[in-house]
There are 4 protein chains.
Amino acid sequence: MIPILVVNYKAYPTSHGKIAESIARKASELSSTGKIRIILAVPATEVYRISKIHEDTYIQSVDPVTEGAHTGHVTIEMAEDSGAKGVLLNHSEKKLLYRDIQAILKKAKIETLVCAETPEEAAAVSLLNPTIIAIEPPELIGTGIPVSKAKPEIITDTVKLVRQYNTETIILTGAGISTPDDAIKAMQLGTQGVLIASAVMKARDPLGKLVEFERKMSI
Amino acid sequence: MIPILVVNYKAYPTSHGKIAESIARKASELSSTGKIRIILAVPATEVYRISKIHEDTYIQSVDPVTEGAHTGHVTIEMAEDSGAKGVLLNHSEKKLLYRDIQAILKKAKIETLVCAETPEEAAAVSLLNPTIIAIEPPELIGTGIPVSKAKPEIITDTVKLVRQYNTETIILTGAGISTPDDAIKAMQLGTQGVLIASAVMKARDPLGKLVEFERKMSI
Amino acid sequence: MIPILVVNYKAYPTSHGKIAESIARKASELSSTGKIRIILAVPATEVYRISKIHEDTYIQSVDPVTEGAHTGHVTIEMAEDSGAKGVLLNHSEKKLLYRDIQAILKKAKIETLVCAETPEEAAAVSLLNPTIIAIEPPELIGTGIPVSKAKPEIITDTVKLVRQYNTETIILTGAGISTPDDAIKAMQLGTQGVLIASAVMKARDPLGKLVEFERKMSI
Amino acid sequence: MIPILVVNYKAYPTSHGKIAESIARKASELSSTGKIRIILAVPATEVYRISKIHEDTYIQSVDPVTEGAHTGHVTIEMAEDSGAKGVLLNHSEKKLLYRDIQAILKKAKIETLVCAETPEEAAAVSLLNPTIIAIEPPELIGTGIPVSKAKPEIITDTVKLVRQYNTETIILTGAGISTPDDAIKAMQLGTQGVLIASAVMKARDPLGKLVEFERKMSI
């Protein structure tokens, strides 16, 4: 089980255009060692291009609709067709109803990463067998205060509770992870890696920051 | 003022993949005569690829957020960066708040096509000076019952009301347009073209259907 | 454990005014035997008046906000202050995010009835320990096709799955229950009663219909 | 045209219970002079009780649905049945789609007060002929920074623009109004009164604050 680093591009100015592509090239290069898995979660418009550069690219969300008359919606079929290797769902900035997460997971042929805000939500989501669950207390997202330091018990409680129902789903830590040390702490608490965003995407030197995380997290 | 034919790909199975690209190639070919303008409104995931084939491609919607921490959202900046020539907004399947339409229009450097369901909504939208307004009574969308036949007064009322406030915005007719004759009728009622979807996207022969519309509508 | 009959007033014309009050008076009278529990789920505007007539009155939903600057929202505190004995949450016509259900349940001093559309959603909700869970496959709501006949396995699966996680929460059956016999069937499948709406609220004789259910269900 | 003071109860702790009723009694007393009109906008659960105390009571919002199968929704019919003299719509904390505002206004037999965030939105809303429009730049709501001082041109622009389309709708000023002087200023800028909330509802002495406003604003 190698460590997993998910970089959520969000909708930052760096989420599209040249920098977005540079980050993808660097992620591809760093992943090639096989000592770490780097997943990029990108906006719908960027999936096609970024997945050509770095295969391990997820779309940031899809809409809970079936193919048909739905203007302005992105379906799981479109995501798959665009080259997405997986789909991120239920991020605190794009929450979905439980029944909609269930419907999307049922249809998805690609990997699924479902976020949860509490240990109970993580346990509830684990009943649906996603590939990955990320625990992210929303009050810490983007703060630079790592959940692994501020509320370590949320991580350990999540691991304990989820494992009562599901022994296979990968569990990651998110929210406030700003340094490689925070990531190491998250792994020591029993999760297999981290979900980060601003730490890389808003860094003065995004590529350098990515390398820093890779160095420390690689096994 | 050449006639305008907008084809809304919606989220039909034909909205992505090979057929989506064939339709775009045909649209590009038909547009080259200069006797008709064909705009394709495509899903966020398809903008980059389709706009490479047919320049006159719109994104089906964007989210009313500024660049930043917004997972799973598509911004107007992403749309522009992906090659969109314009953005469709406020379709009855993806309605937006008036203040959000205003905010997006203020930022947009590309063309804007805003849908409206009633003559009053069209007039309200016209105060914001979009490039195009499409009047689409939602109860007729996808029915095959053309608004131009079922409720011609909605079209004429819209034209009259909008022109009190705005003399420049292009006005199109939508909802239930299934044959080229419906399109001609819509133009006789004072609008500059039509917004269609299922007529082409769900046709047994989408390319043939597109040609039919082009033949009749071209001047 | 006496049988439970929940009558959801929804927003039918009978949900407010004189008929609404008559139904409440009849429910109060029928409940007084102690052989059945009748819960009325009423709109926010009606809670105060109906709960004066029939003590066992729930509000149909509350908003997931804390007290403060929230125009047009109904808080759990308002519901409690108005005399509600409980709150119905997550009905398929008013779905809530899982984290919001959790937040409301944490604050609620009154009873809670949470709806679920699938056995998995019911299990997920049971982790939050609501007073009651109602399983309601949305495709049958309002159809008159009782879930207890059309999809009995959904009920038995729900009971089995929920009981793995929670042995105390009461489980009810909803969706398509239109006759007392449907209710009996639902109880034979292992649930403690039913959640109905149109069967009574759209009946030509709502009071008579209520009596019918009470007769058959009472023990 | 007497001055109008709208007090939006929002969902503050004072919005229900004994204080809510005391404020209503004081509003009723102060209004009886005929020198000022005081409208109270209250939560759905409170309409029945507050309107018995002070006739000039509005509900804070209604849902854009017709009577029928809509659990957890409040219809205009319920509002009317509960004693509401009017309905507040489209507050920045409960925005509605333009087409939904139009649908509600078409059905409403009671007065309507529609909020707007920009001069253009106010003009757009004025095409629908509500009884009252309130201009409220959302960035100032609850700040204590009165729009009448911080952005007086928003008020004057609104009055000018609305009056091009509608000469009858009453126009009020909202957002950041915290003192009676702010209200006077708003009236000098051409509006007929103000919409306030925290100034009274979060005051140490809500009744005293209400009296202060009434003293200064009365003619």
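Residues numbered from 1 in each chain as written. Chains lettered and ligands numbered in written order. Predicted model: local features only at pLDDT ≥ 70, side-chain atom pairs only at ≥ 80, totals over all residues.

Visitor: Sorry if this is basic, but what is going on with the overall build of chain A here?
Guide: Helix and strand counts for chain A stand at ten helices and eight strands. Taking 2.2 N^0.38 as the reference for a compact globule, 219 residues should give roughly 17 Å; the C-alpha atoms of chain A span a radius of gyration of 16 Å, in line with that estimate. With respect to the principal axes defined by its C-alpha atoms, chain A has extents near 45 × 40 × 30 Å. Taking all 219 residues of chain A together, the buried fraction comes to 60%. Counted over contacts in chain A with a minimum sequence separation of 6, partners at least 24 positions apart contribute 65%. (Helix = DSSP H or I, 4+ residues; strand = E, 2+ residues; numbered from the N terminus. Rg over C-alpha atoms; globule rule 2.2 N^0.38 Å. Buried ≥ 20, exposed ≤ 12 C-beta atoms within 10 Å, placed from the backbone. Contact = placed C-beta atoms within 7 Å.)

Visitor: Looking at this structure, I do not really get the relation of the copies chain A and chain B. What am I missing?
Guide: Two chain copies, one operation linking them: a rotation about an axis together with a shift along it. In screw terms, the move from chain A to chain B is a rotation of 180° and a rise of 0.0 Å along the axis, fitting with an RMSD of 0.0 Å. Between the two chains, the operation in question is that of a two-fold axis. Looking at the rotation axis and the C-alpha trace of chain A, the residue lying nearest is T45(A), at 2.4 Å. A shared binding surface is used by both copies, with 100% of the interface residues of chain A retained as interface residues in chain B. (Least-squares fit on C-alpha atoms with pLDDT ≥ 70 in both.)

Visitor: Hey, could you run me through the relation of the copies chain D and chain B in this one?
Guide: Least-squares fitting of chain D to chain B yields an RMSD of 0.0 Å, with the superposition described by an axial translation of 0.0 Å and a rotation of 180°. Interface residue correspondence from chain D to chain B reaches 100%, placing this contact among same-surface, isologous pairings.

Visitor: Can you help me understand the interface of chain A and chain B in this one?
Guide: Where the parts come together, the accessible area they lose is often given as the size of the interface. Each side of the interface is counted separately: chain A has 33 residues, and chain B has 33 residues. Mapped onto the side of chain A that touches chain B, the elements with two or more residues apiece are α2 (47-53) and α3 (76-81) of chain A. Its residues placed into classes, the side of chain A that touches chain B shows twelve nonpolar, 15 polar and six charged. (Nonpolar A, V, L, I, M, F, W, Y, C, P; charged D, E, K, R; others polar.)

Visitor: Before we go on, may I ask you to explain unusual backbone geometry in this structure?
Guide: Residues other than glycine predominantly adopt negative phi, and peptide bonds predominantly adopt the trans conformation. Residues and elements named next belong to chain B. The backbone of K10 shows a phi angle near 45°, a positive value even though the residue is not glycine. Position of K10 relative to the elements: it lies in the loop between β1 (4-8) and α1 (18-31). Owing to 25 C-beta atoms within 10 Å, K10 belongs among the buried residues under this scheme.

Visitor: Just to check I follow, could you spell out the nonpolar core for this structure?
Guide: Among soluble globular proteins, nonpolar side chains are generally buried collectively. In terms of nonpolar packing, the biggest core is built from 301 residues, with L40(A), L40(B), L40(C) and L40(D) touching the most fellow members. Setting aside chain neighbours within four positions, we find L40(C) in contact with V7(C), Y9(C), A24(C), A27(C), I50(C), H54(C), D56(C), T57(C) and Y58(C). (Core = buried A, V, L, I, M, F, W, Y, C linked by C-beta atoms within 7 Å.)

Visitor: Looking at this model, I keep getting lost on the pairing of strand β5 (residues 111-116) of chain B. Mind explaining?
Guide: The side chains of a regular strand alternate, residue by residue, between the two faces of the sheet. Residue and element names in this part refer to chain B. The buried count for β5 comes to five of six residues, which makes it a mostly enclosed element. Relative to β5, strand β4 (residues 86-89) is paired through four bridges, and the arrangement is parallel. Looking across to β5, one finds that G86 is bridged to E111. One crossover worth recording links β4 to the parallel β5 by way of helix α4 (residues 98-107), and it is right-handed. Of the strand pairs in this sheet, β5 and strand β6 (residues 132-135) are connected by four bridges, and their pairing is parallel. (Pairing = 2+ DSSP bridges. Right-handed = clockwise from strand over helix to strand, strands pointing away.)

Visitor: Is there a simple way to explain the packing of helix α1 (residues 18-31) of chain A against helix α10 (residues 206-217) of chain A in this structure?
Guide: Any two packed helices are characterised by the angle at which their axes cross and by the distance between the axes. All names here are of chain A. The N-to-C vectors of α1 and α10 enclose an angle of 25°; their axes lie 10 Å apart at closest approach. Here α10 runs roughly parallel to α1, going by the angle between their axes. Crossing geometry of α1 relative to α10 is assigned as right-handed. Mapping the contact onto sequence places I19, S22, I23, K26, A27 and L30 in α1 and P206, L207, L210, V211 and E214 in α10. Here the contact of α1 with α10 is composed, by residue class, of eight nonpolar, one polar and two charged. (Axes fitted to C-alpha atoms, helices over the stretch in contact; angles between N-to-C directions. Parallel < 35°, antiparallel > 145°, perpendicular 65-115°, else oblique. Left-handed = near helix turned anticlockwise from the far one by under 90°.)

Visitor: What am I meant to see in helix α8 (residues 180-188) of chain A here?
Guide: One full turn of an α-helix is made of 3.6 residues, so residues set three or four places apart face in the same direction. Residues and elements named next belong to chain A. Along α8, the residues classified as buried are D182, A183, K185, A186 and M187. Those residues of α8 that are buried lie in contact with α6 (147-150), α7 (152-165), β7 (170-174), β8 (193-196) and α10. Once α8 finishes, G190 follows within two positions and takes phi at roughly 110°, a positive value.

Visitor: Help me out: how do you make sense of the interface of chain D and chain B in this one?
Guide: Taken residue by residue, the interface counts 13 residues in chain D and 13 residues in chain B. Contributions of two or more residues to the side of chain D that touches chain B are made by α4 (98-107) and α5 (119-126) of chain D. Here the side of chain D that touches chain B takes four residues from α5(D), the largest share from any one element. Grouping the constituent residues of the side of chain D that touches chain B by class yields six nonpolar, two polar and five charged.

Visitor: Looking at this structure, how should I read the sheet that holds strand β2 (residues 37-42) of chain D?
Guide: By definition, the strands of a sheet pair up through backbone hydrogen bonds, in either a parallel or an antiparallel sense. All names here are of chain D. Reading around the barrel, the eight strands line up as β1-β2-β3-β4-β5-β6-β7-β8 and close back on themselves, with parallel pairing between neighbours. The mean angle between the axes of side-by-side strands here comes to 25°, regardless of whether they run parallel or antiparallel. As judged from the two bridges shared by strand β3 (residues 57-59) and strand β4 (residues 86-89), these two strands associate in the parallel manner. Looking across to β4, one finds that Y58 is bridged to G86.

Visitor: It is not clear to me how helix α8 (residues 180-188) of chain B should be interpreted in this structure. Could you clarify?
Guide: If you check which residues of α8(B) are buried, you get P180(B), D182(B), A183(B), K185(B), A186(B) and M187(B). Where α8(B) is buried, its residues touch α6 (147-150), α7 (152-165), β7 (170-174), β8 (193-196) and α10 (206-217) of chain B.

Visitor: Can you help me understand the sheet that holds β1(B) in this one?
Guide: Around the barrel, which closes on itself, the eight strands sit in the order β1-β2-β3-β4-β5-β6-β7-β8 (chain B) with parallel pairing between neighbours. Along the sheet, successive strands turn relative to each other by an average axial angle of 25°, direction set aside.

Visitor: So what exactly am I meant to see when it comes to the confidence of the model for chain A here?
Guide: When pLDDT drops low, the exact placement of atoms in the prediction is not to be read closely. Across chain A, pLDDT averages 95, with 100% of residues at or above 70. Two summary scores accompany this predicted model of the complex, namely pTM at 0.95 and ipTM at 0.95. (pLDDT = per-residue confidence, 0-100.)

Visitor: Honestly, the environment of L97(C) in this entry has me stumped. Any pointers?
Guide: Along the chain, L97(C) falls in the loop between β4 (86-89) and α4 (98-107). In this structure, the C-alpha to C-alpha distance between L97(C) and P64(C), residues 33 residues apart in sequence, is 9.1 Å. Among residues more than four places away in sequence, those in contact with L97(C) are K95(A) and L97(A).

Visitor: Is there a simple way to explain the environment of L113(A) in this structure?
Guide: Structurally, L113(A) can be placed in strand β5 (residues 111-116). The sequence separation of L113(A) and G86(A) amounts to 27 residues, and the corresponding C-alpha distance is 7.4 Å.

Visitor: How should the pairing of β7(B) be read in this particular structure?
Guide: By the criterion of burial, β7(B) is predominantly enclosed, with four of the five residues buried. In the classification by handedness, the crossover that spans β7(B), the intervening α8(B) and the parallel β8(B) is right-handed.

Visitor: Just to check I follow, could you spell out the environment of T167(D) for this structure?
Guide: All names here are of chain D. Within the secondary structure, T167 is located in the loop between α7 (152-165) and β7 (170-174). Residue T167 is classed as exposed on the basis of its C-beta count, with 8 C-beta atoms lying within 10 Å. Sequence spacing of T167 and D100 is 67 residues, and the spatial spacing of their C-alpha atoms is 23 Å.

Visitor: I'm lost on the packing of α8(B) against α10(B) in this one. Help?
Guide: Residues and elements named next belong to chain B. As a packed pair, α8 and α10 sit with axes 9 Å apart at the nearest point and diverge in direction by 35°. Seen from above, α8 lies across α10 with right-handed handedness. Here α8 contributes P180, A183 and I184 to the contact with α10, which in turn contributes E212, F213, K216 and M217. Its residues assigned to classes, the contact of α8 with α10 comprises five nonpolar, no polar and two charged.

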